[in-house]
Amino acid sequence: MSIMPWARRAALALFCIILLGTQLSQLKTIQSREYLQEQSHTTSNAATPATAAFQAHYGEKKYKPIDLPVKTTSVIINIGSNVDPILPKQSDGPCSMAIAFEPLVYSKIDQSHQQLLVVPAAVSSESGLTSMFDYGENSVSASLSRVSRNSYWNTGGGARLIAPVVSLVDVIQSIRKRYPIKHIMTDIQGHDFETIRSAIHLIRERNVTTLRTEVSLEQARSYVDSENDLCAHWLPFMSANGYTLESLDPPREGFGSHDEAVESCSYQIKRLQKERKNKFSDKMKEADALWRLAGVTKPLGLTFYRYPIWYPDPPRRNESILPRFTNEEYAQCN
């Protein structure tokens, strides 16, 4: 009995399996593209009031630049630093500067480090005075919005305070263009997306290569009226503006790369729409999203986004990673 018919059948079956796999892969790609296109309509930068205001008014606005050391080599911006702002890395050199924005507990920040400037203000999409709601020890969960529900992480009563607010447009415009903005980090309790979206045109213009932003996951909304969801807001918007999702911190399955995240978000959006009928959850699910400018930098890895932290309590400081330079080296920056 000849074995050829069996061999042909096996070969045909293998061919069918390969063909089916290819078609499924193509279907996933199409679904992922459809997800980005659908979500991009709801996160369009052109629709934001802040962008319209910028186009109508900011072009005529004159800015007095921040007085940084003359030989500043780069700047990192830390929005919502609380009491422990980040500092430049040792490899950035003595002339790299960190600017931290903290509206409530700025007086508890040790401002003795020569590479740190602290601004006692919040940062959002518009400048002015506004109410902030104080939650948690050291105001760690203070926000421009009230919490969506009481929980262990938002203790403290939510006292209403008045705070000055600076727009991110004003912040960037106040830094001379000869000083590269290397990194922006945000931790502003539900207002990260609104803030970055309002200034994305300047972020791209200044070629900010990396950002670290706090995002909500699975359509959880920790603060009232906040729009900060990774899949519904961040991923389609950042993709449309030339930024790639590097990963999440802490890492999360299905979000280890930009392509993985697009596929996971496409599935997640459809699942949650079916389960909740487009309603957001009031639970707290957050992570830090790590973004890099596509085409400018290769995949960087999680540790690249970790900057030294300047703790208020000296015993907690990790002296091995803090930038150390002599007074003579710092003097060369002026």
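Residues numbered from 1 in each chain as written. Predicted model: local features only at pLDDT ≥ 70, side-chain atom pairs only at ≥ 80, totals over all residues. Heavy atoms only, no water.

Trainee: Looking at this structure, how should I read the sheet that holds strand β10 (residues 286-293)?
Mentor: Backbone-to-backbone hydrogen bonds pair the strands of a sheet. The strands run either parallel or antiparallel. Strand order in the open sheet formed by seven strands is β3-β2-β1-β7-β8-β10-β9, with mixed pairing between adjacent strands. Each edge of the open sheet is held by one strand with a lone partner, namely β3 (116-119) and β9 (243-249). The mean angle between the axes of side-by-side strands here comes to 20°, regardless of whether they run parallel or antiparallel. Across six bridges, the pairing between strand β1 (residues 74-79) and strand β2 (residues 96-101) is parallel. Residue Ile76 lies in a different strand from β2, and its bridge partner there is Ala98. Its contacts with the sheet place helix α6 (residues 230-240) against β8 (210-216), β9 and β10, and it is angled at close to 160° to β8. (Pairing = 2+ DSSP bridges. Helix = DSSP H or I, 4+ residues; strand = E, 2+ residues; numbered from the N terminus. Axes fitted to C-alpha atoms, helices over the stretch in contact; angles between N-to-C directions. Contact = heavy atoms within 4.5 Å.)

Trainee: Help me understand the nonpolar core, please; the structure alone is not making it clear to me.
Mentor: Nonpolar side chains in soluble globular proteins tend to end up buried together. By size, the foremost hydrophobic cluster in this structure holds 45 residues, and its most contacted members are Ile203 and Trp291. Of the residues forming this core, the biggest block, seven residues, is contributed by α6. Those residues in contact with Ile203, other than ones at most four positions away along the chain, are Leu168, Ile172, Ile184, Ile196, Val208, Leu211 and Tyr243. Listed in part, the 12 residues of the second largest apolar core include Ile86, Val118, Trp310 and Leu322. (Core = buried A, V, L, I, M, F, W, Y, C linked by side-chain atoms within 4.5 Å. Buried < 20%, exposed > 50% of the residue type's maximum accessible area, 1.4 Å probe, protein only.)

Trainee: Looking at this model, I keep getting lost on the pattern of salt bridges. Mind explaining?
Mentor: Pairs may arise between side chains of opposite charge once their charged atoms sit close together. Considering all chains together, one arrives at nine salt bridges under this definition. Notably, a salt bridge pairs Arg317 with Asp110, separated by 2.8 Å at the nearest N-O pair. With Arg317 in the loop between β10 and α8 (327-331) and Asp110 in the loop between β2 and β3, the pair connects residues that are 207 residues apart, well separated along the chain. Look at Arg317 and you get buried, because its relative accessible area is 11%. (Salt bridge = Lys/Arg side-chain N within 4 Å of Asp/Glu carboxyl O.)

Trainee: Would you explain the side chain of Ser74 in this entry?
Mentor: As for its placement among the helices and strands, Ser74 is situated in strand β1. Owing to a relative accessible area of 8%, Ser74 belongs among the buried residues under this scheme. In contact with Ser74, other than residues within four places in its own chain, are Cys95, Ser96, Met97, Pro180 and Lys182.

Trainee: Please clarify how the state of the cysteines should be interpreted in this entry.
Mentor: Covalent bonding between the sulfur atoms of two cysteines defines a disulfide. Within this structure, the stated rule accounts for two disulfides. What pairs with Cys95 in a disulfide is Cys333, and their sulfur atoms sit 2.0 Å apart. With the S-S dihedral at roughly -90°, the linkage between Cys95 and Cys333 falls on the left-handed side. Pair noted here: Cys95 is in the loop between β1 and β2 and Cys333 is in the segment after α8, with a separation of 238 residues, a long-range link. Cys333 shares its class with Cys95; the two are buried. (Disulfide = S-S within 2.5 Å.)

Trainee: How do you make sense of the packing of aromatic side chains when you look at a structure like this?
Mentor: By convention here, two paired aromatic rings are described through the distance between centres and the angle between planes. As enumerated under the stated definition, the model contains five aromatic pairs in all. On the numbers, 5.9 Å between centres and 25° between planes, the contact of Trp234 with Trp291 is stacked. Remark: Trp291 occurs in strand β10 and Trp234 occurs in helix α6; sequence separation between them is 57 residues. Taken as a pair, Trp234 and Trp291 share a single burial class, namely buried. (Phe/Tyr/Trp six-rings, centres within 6.5 Å; stacked < 30°, edge-to-face > 60°.)

Trainee: What am I meant to see in the sheet that holds strand β5 (residues 128-134) here?
Mentor: Read from one edge to the other, the open sheet built from three strands follows the order β4-β6-β5, with strand pairing classed as mixed. Only two strands of the sheet have a single neighbouring strand rather than two, namely β4 (122-124) and β5. Each adjacent strand pair in this sheet contributes to an overall mean axis angle of 50°, direction not counted.

Trainee: Quick question: what am I supposed to make of unusual backbone geometry here?
Mentor: Excluding glycine, residues mostly have negative phi values, and the peptide bonds linking residues are mostly trans. Note the cis peptide between Asp249 and Pro250, where omega equals 5°. Position of Pro250 among the secondary structure elements: in the loop between β9 and α7 (258-276). The backbone phi angle of Gln189 is positive, close to 50°, even though this residue is not glycine. Mapped onto the secondary structure, Gln189 falls in the loop between β7 (181-186) and α4 (192-198). The class for Gln189 is buried, based on a relative accessible area of 6%.

Trainee: What's the story with α6 in this structure? I'm lost.
Mentor: Owing to its 3.6 residues per turn, the α-helix aligns residues three or four sequence positions apart on the same side. Along α6, nine of the 11 residues are buried, which leaves the element largely enclosed by surrounding structure. For α6, the set of buried residues is Leu230, Cys231, Ala232, His233, Trp234, Leu235, Pro236, Phe237 and Met238. N-capping of α6 is provided by Asp229, with a side-chain oxygen placed 3.1 Å from the backbone N of Cys231. Phi turns positive one or two residues past the end of α6, at Gly242, with a value near 85°. (Polar contact = N/O pair within 3.5 Å; in protein donor to acceptor, adjacent residues only side chain to side chain.)

Everything listed here is a matter of geometry and, on its own, says nothing about what the molecule does.
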